[in-house]
Amino acid sequence: MPVLRSREIPPVPPNPRKARYNVDPPSTPTQGREQPATRLSSPPSLTPSPKTDGSVYGSAPFSLRRSLRLYSKGSSNADDQFGLPAVEKSIGSRNGDVSKKRKLSGDVDDGDVNGGGGGNEVVESYMKGKSIAESEYIEKSERKDEIENVNRKRRFSREEKGKGKLVVETDLESEDESLVDVSFSDVELPAEEVKSPDEKLSKRSNRRTSGGRMERFRDAARRNASRFAYFNTREEEEENNNNLSVEAEREIPSVEEHIEEKVVEDWPGPFSTAMKIIRDRTANLNVRQGSSSSDQVPSVQIKWVPQKGKGKDGSKRLPPSLLDLSLRVLVDNADAIASLDHVPDAMRHKLCQMLCDSRQMNSNLLDLLLSGSPTEIRLRECSWLTEDQFSECFVKCDTSNLTVLQLDYCGQCLADYNIPSTLARSLNSLPALTTLSLTGAYRLSDAGLSVLVSSAPALRSVNLSQCSFLTHGAIEILASSLASVLLELFINDCQSIDAMLMLPSLKKLERLKVLSVAGLESVTDKFIKEIITARGDGMKELILSGCGKLTDSSLKIIAETCSSLRSLDIGNVPKLTDNSLGYLASGCRSLELLKLCRNTFSDDAIGAFLEISGEVLKELALNNVGKVGHNTALSLARRSRNLVSLDLSWCRNLTDEAMGLIVDSCLSLRVLKLFGCTQITDVFLYGHSNAKVEIIGLKLSPLLEHI
Amino acid sequence: MKKEETVKLISAEGMEFVIDKEAAMLSQTIRNMLTSPGGFAETEHGEVTFPEISALILEKICQYFYWNLQYSRGKETEFHIEPELTLELMMAANYLHT
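Procedures and definitions
- Residues numbered from 1 in each chain as written.
- Chains lettered and ligands numbered in written order.
- Predicted model: local features only at pLDDT ≥ 70, side-chain atom pairs only at ≥ 80, totals over all residues.
- Heavy atoms only, no water.
- Axes fitted to C-alpha atoms, helices over the stretch in contact; angles between N-to-C directions.
- Helix = DSSP H or I, 4+ residues; strand = E, 2+ residues; numbered from the N terminus.
- Parallel < 35°, antiparallel > 145°, perpendicular 65-115°, else oblique.
- Left-handed = near helix turned anticlockwise from the far one by under 90°.
- Contact = heavy atoms within 4.5 Å.
- Nonpolar A, V, L, I, M, F, W, Y, C, P; charged D, E, K, R; others polar.
- Buried < 20%, exposed > 50% of the residue type's maximum accessible area, 1.4 Å probe, protein only.
- Salt bridge = Lys/Arg side-chain N within 4 Å of Asp/Glu carboxyl O.
- Pairing = 2+ DSSP bridges.
- Buried area = accessible area lost by both parts, 1.4 Å probe.
- Polar contact = N/O pair within 3.5 Å; in protein donor to acceptor, adjacent residues only side chain to side chain.
- Right-handed = clockwise from strand over helix to strand, strands pointing away.
- pLDDT = per-residue confidence, 0-100.

1. Some remarks on the packing of helix α14 (residues 322-332) of chain A against helix α15 (residues 345-357) of chain A
Residue and element names in this part refer to chain A.
- At a closest axis distance of 10 Å, the pairing of α14 and α15 adopts a crossing angle of 55 degrees. Our classification of the angle between α14 and α15 gives oblique. For the pair α14 and α15, the sense of crossing is right-handed. Packed against α14, whose contacting residues are Leu323, Leu327, Arg328, Leu330 and Val331, the element α15 presents Met347, Lys350, Leu351, Met354 and Leu355 at the interface.
- Looking at the contact of α14 with α15 residue by residue, the class counts come to eight nonpolar, no polar and two charged.

2. A short note on the side chain of Asn418(A)
All names here are of chain A.
- Mapping Asn418 onto the fold places it in the loop between β2 (404-407) and α18 (419-422).
- For Asn418, a relative accessible area of 4% gives the class buried.
- Asn418 has contacts with Glu387, Phe390, Ser391 and Cys413, leaving out every residue within four places of it along the chain.

3. Observations regarding the pattern of salt bridges
- Tallied over the entire structure, the rule returns 16 salt bridges over all chains.
- Asp604(A) serves as the salt-bridge partner of Arg279(A), at 3.3 Å between the closest nitrogen and oxygen. Here the residue Arg279(A) occupies a position in helix α13 (residues 270-289), and Asp604(A) occupies one in helix α25 (residues 603-613), the gap between them amounting to 325 residues. For the pair formed by Arg279(A) and Asp604(A), the shared burial category is buried.
- For the salt bridge of Lys8(B) with Glu16(B), the shortest nitrogen-to-oxygen distance reads 3.3 Å.

4. Some details on the packing of helix α24 (residues 578-587) of chain A against α25(A)
Residues and elements named next belong to chain A.
- At a minimum axis distance of 9 Å, the contact between α24 and α25 shows a crossing angle of 5 degrees. When the axis of α24 is compared with that of α25, the two are roughly parallel. Across the interface between the two elements, Asp578, Leu581, Leu584 and Ala585 of α24 pack against Ala605, Ile606, Phe609, Ile612 and Ser613 of α25.
- By residue class, the composition of the contact of α24 with α25 is seven nonpolar, one polar and one charged.

5. Points about the sheet that holds strand β3 (residues 47-49) of chain B
Residues and elements named next belong to chain B.
- Taken together, the three strands give an open sheet; going across it, the order is β2-β1-β3, and neighbouring strands pair in mixed fashion. Two strands bound the open sheet, and with one partner strand each, they are β2 (16-20) and β3. Ignoring which end each strand starts from, the neighbouring axes of this sheet average 25 degrees apart.
- Where strand β1 (residues 6-10) lies against β2, five bridges are found, and the strand directions are antiparallel. Of the residues in β2, the one forming a bridge with Leu9 is Phe17.
- Seen against the sheet, helix α4 (residues 55-72) touches β1 and β2 and runs at an angle of roughly 10 degrees to β2.

6. A few points about the interface of chain A and chain B
- Taken together, the 19 residues of chain A in the interface contact 17 residues of chain B.
- Carbon and sulfur atoms supply 78% of the area buried between chain A and chain B, which totals about 1,700 Å² over both sides.
- When the area that chain A buries against chain B is broken down by residue, the three leading residues are Pro319(A), Leu322(A) and Leu330(A), summing to 34%.
- At the boundary of chain A with chain B, the tally comes to zero salt bridges.
- If you look at where chain A meets chain B, you find three residue pairs in polar contact (both at pLDDT 80 or more).
- Among the elements that line the side of chain A that touches chain B, the one with the most residues is α14(A), at seven residues.

7. Regarding the pairing of strand β10 (residues 619-623) of chain A
All names here are of chain A.
- As paired elements, strand β9 (residues 593-597) and β10 share five bridges and run parallel to each other. Across the sheet, residue Leu593 finds its bridge partner in β10, namely Glu619.
- Note that the unit made of β9, α25 and β10 has a crossover that is right-handed.
- In this sheet, strand β11 (residues 645-647) lies alongside β10 in parallel orientation, the contact comprising three bridges.

8. Focus on the confidence of the model for chain A
All names here are of chain A.
- On average, residues of chain A score 72 in pLDDT, and 59% of them are at 70 or above.
- Between residues 162-208, whose pLDDT stays under 50, and residues either more than four places distant or in other chains, the model counts 125 contacts.
- Considering only residues more than four positions removed or in separate chains, one finds that residues 291-298, a stretch of pLDDT under 50, has 14 contacts.

Listed below in C-alpha cells is the structure:
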C-alpha cells in the first residue's frame, strides 16, 4: 500500500479556508488529530502543543475537537514543505476520512498521535493528504461559497436523513462535506452528526480493548485497505459535481430546471417510485440490523448459493474451431499466400484483423486484397503503411465496386495531396461507397475531404474520428453534398471542430441516425439542446462520452425527444447525477445499449433505472461506476432477461453472491467483463451455473490469444 | 460401425467418406441438413454431397471432427494443418460452420 510509505512524513498542513471560520462551530463528526501549527489567523486560545491536544481530545466536547482540526488545517497549509506524491495525496484523502472515524474511540490514544512515533505518521499522512486534497477543492470553489454550502448542506441533510449511517460511503462523504459547512452548520447538522459519532464510538470502544496502539493502526489499515484504492478525483468530481451543477443550472435561464435540481425525489412516475422502494428497503434493513453489523456489510442481503458442477468448468477448454485453426496457420504463413480470390469478404476481414493485430500486414498482402474489384476493404490499423506504398497500391485499384473502405489510423499515409491520384481519381471513382472510415487522418484538411466526398456521392456512414485538422468546414462540406443520405457521423476527438460552429451544418443532415461527438470539449448543453430539437426524433445512437460539460439538462432533452434511441454512451461525463437516470427511464423506452463509465450515479438510482428499463436492455456497461452495489445486482437479476453483454469492471462493491445472482438469473448473458474486480473469487467463478457466459478480465480469460 | 450411427460425406470428385454421426454433427451445417424436417434426401439416406469441397479438404475435415471429439474427452493434442491446404480449408470450414 502506498500509504505505508509515508511513515516519515510529519503532520498535515491544514486548509487555509478553514482558518476563516474562527467561530467555534457546533458538533460534527470528528476528524483526526493533527499537529496544529501556528498560523496568523488561528484563534489564539488554542496553542499548538501535542500534549495539550492529546488530553483535550480525550475529554473535549465535539465542538472543541472540531475547531482544533479546522484551525490546524488552516495553519499548516502555509508551511507546505512536504511534497507528497500525487498518489498519496489522493489516497490520503480517503485515508484521512477513515482514520478520522477511527479516532472516535473513547480510548486515550490521542496523545500518541501528535508528535513523532511510528504509527502516528501513517495517520498524519492521511490528514495531510486529506487537507491538501481539500485545499485543492476549496480553491476551485472559493467564489461560490455561500450558495454552494447552503445547497450542498440542504441536499446533504436530506441524504443523511434518508440513508442509514451504517453505509460506509455516505459516512465518508458526510464527513467530507461537513467540513466545509462549518459556518452554516446550524441546528440541523449537529443533531444528526452527534448521533453517528455516538454509534461509532460504542462500536469502536468495544473492539479496541486489547493490543497496542500500533496493532490497532495496522488492523484498521488492513481492514480499510480496500477503500484506499479510491481516487480523490472521484470525491472531487462529486464535490465539484454538487457545486458546479448548481452553477450550470443557473446558466440555463429556466426556473423549472433550477427547482428540479433541488427537488430530486419528487418526480411523479415509475422512476421515483422505484427509488423510494429501494431506499425504503435499504432503510428497513439498516434499522433491523442496527448496531450489530460491521462496516462492510451490504445494505441489502443477497441470497445465492454456488452450485457445484453445474456450471461451466473453467479448467476444461473448448476445442478451437477449424476456422480459427486454419486462420492461425494462414497468418503464420501469410507470405506464402498467393491469392485471395474467391475468399468471401467475411474471411478477408478476419484475416486482415489477425494480420493487423500481429503486425504482419504488409503492402504485398494489401495488393492481394485490392486485386480484382474488391467490394470491402477493412484495415483496422494502417500505421505500417507508408505514403508511397499507399499510392502504389491504390493507384491501380479498381474502386468501382467498393462499398466499404476502412483505413483506420491512416495518418501517415493519407494527406490532401495523394487523394486525387489514388482514391478520388475522378468525380465518380467511388460510386458504390457507402461506408468510409478514415480515423486518425491527421493530415486531412477540409479541402482534402471535399475532394474525397465529391467522388463518393452515396456515402451513408462517415467516420472521421481523431482527424485533428478538420474544422467545422468539414461538416459544411458533408452537409452540402450528403445532406439527404448521410445516416451516421462519427467525429470523436476532432479537437478543431467547434461544436457550436458546426451546428447549422449538422442540422442540415436530414436523416442522421447515429452521432458520435465523444471527447469534444466544446459540446455543451446548448449544443445538445439545439441538435436534439432539430434531429432528435430519428436519432438511434448517441455517443457523448467524454463531453465533460454536459449536465442533467441535456439528458432531459434527450429523453424527452429521442423516443427511438437505441444506444447511448454517457461515460466519463462526471456532472450527471441520478436525475439523468430518472429522465432516461421515463423517456427512452427502447434503449438497448447503455454505456456508463466513471459516472457518479448511486446504487439506488441504477437499481431503479434497471427496474424500469431493464427488460429491453441488451448491453450494459457499468465500468468503474463505483457505487454499484447490491441494489443494482438485485434489479439486474430480476429484470434483465435479455441482457447479452454486461461490463462490471472495477465495481468493487459487488460480492461473489451478488455476481452469482446476476449471472444465474440473466439467462441470455454471454459476455461478462470483470476487469479489476479482484474481490471476486473462485466461489463465484466455479460456482455459477450459467454455462454459456464468457467471463473476461479475470484469470480465466483468453483475451489476446489470437496475437 | 453400425449403419444407423454413420453418415456419408461425398466430395466433389465423388469420393465418399463414412464417419460417425456424432463427429459429423460438430458441423452446424451438416447438423441442420440431417435434422431438418421436410423429407430431404439427406435426412433419409444419411448422405450429404459437397460439390464445392475437394476430397483432400474433406478428408482433412473428417480428421478434424475426430480430433475435436478427442480434445473434448480430455486428450489435448495439436492439430496440424499443411499450409497449402489452409486457404481452402478455411473456406470449407466457414461453409460448414465448424
